[in-house]
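The primary structure of each chain is shown beneath.
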Amino acid sequence: MAKLILIRHGQSLWNAVNKFTGWVDIPMSERGRAEATIASCKLRDAGYTVDICFTSMLIRAIETAIVCLTECDEVCGGRLPYIWHDPAEPDWHGWDRHFGEPDKELKIIRSPALDERYYGDLQGLNKAEMSLKFGAQQVHLWRRSFNVRPPGGESLEDTVKRTVPFFEAAILPELKAGKNVLVAAHGNSLRSILMVLDRLSEEAVASLELATGVPIIYDVDTEGAFTNKAVLI
């Protein structure tokens, strides 16, 4: 059975001060780096290893992936991780052109499909202050409803439409091939994936809370069936 390991990035600097972050590229806080380190230790202690990693384009998710893979060397199973760059990228400069040993390397693949939900005109604003300005019920709808968009932003439904097709096209085939996959992403991009894996309703997924830095693991068979969900609290 392959393993799918999902982890929401460690606390970011804007999580710490209660700001809407979305696509703003904010790094982790000291607490966030500690959360990722603890997650790495939990994966090691539970005997999990990773063969390939997927993450978003945002630094807080990339940082989380790297810490999870490198803080405890055993998580990489003796492989050396590197960030893969698509040669089709407009600014590609041969970033990953090398002549190493693929079986001793661990590819980290970034994709905008795994980016956080776009919060549009709310990005950078304090959540509590927006509740005072627009009302707690309205802000709750923007944050936790399935199909209500914040001003200029994405709904969770919009996020599902870009995240799930990428999961099915890029991540699921690696799992069916027997590889253990780490996905380091964001609250809403992971909610989108969990909606499918756990067969959640629109109401259930909108209210789902995901803690930062906590690994969620599924067993996956060669047919792509997901079983035996575990949370490393």
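Just so it is clear, the structure is predicted and the values come from calculations on it, not from any experiment.

When you look at the side chain of Asp115 in this model, what are you seeing that I'm missing?
Its place among the elements puts Asp115 in the loop between β4 (105-110) and α4 (127-134). Of the side chains bearing the opposite charge, Arg162 lies closest to the buried Asp115, which forms no salt bridge; the N-O distance is 5.8 Å. At 2.9 Å, the side chain of Asp115 forms a polar contact with the backbone nitrogen of Met57. With near-sequence residues (within four places) excluded, Asp115 lies in contact with Trp23, Ser56, Met57, Leu58, Arg162, His186 and Ser189.

Just to check I follow, could you spell out the pairing of β4 for this structure?
Regular strands place their side chains on alternate faces of the sheet. Most of β4 is tucked away: five of the six residues are buried. As paired strands, strand β2 (residues 52-55) and β4 are joined by three bridges and run parallel to one another. Directly across from Phe54, in β4, lies its bridge partner Ile109. Judged from the five bridges that link them, strand β3 (residues 80-84) and β4 form a sheet pairing that is parallel.

Mind showing me how you'd approach the side chain of Asn188 here?
Position of Asn188 among the secondary structure elements: in helix α7 (residues 187-197). Aside from chain neighbours lying at most four places away, what touches Asn188 is Glu116, Arg117, Tyr119, Leu156 and Thr159.

Cut-offs used in this document
- Residues numbered from 1 in each chain as written.
- Predicted model: local features only at pLDDT ≥ 70, side-chain atom pairs only at ≥ 80, totals over all residues.
- Heavy atoms only, no water.
- Helix = DSSP H or I, 4+ residues; strand = E, 2+ residues; numbered from the N terminus.
- Buried < 20%, exposed > 50% of the residue type's maximum accessible area, 1.4 Å probe, protein only.
- Lys, Arg positive; Asp, Glu negative; His and termini not counted.
- Salt bridge = Lys/Arg side-chain N within 4 Å of Asp/Glu carboxyl O.
- Polar contact = N/O pair within 3.5 Å; in protein donor to acceptor, adjacent residues only side chain to side chain.
- Contact = heavy atoms within 4.5 Å.
- Pairing = 2+ DSSP bridges.

Read these as geometric descriptors, not functional statements.
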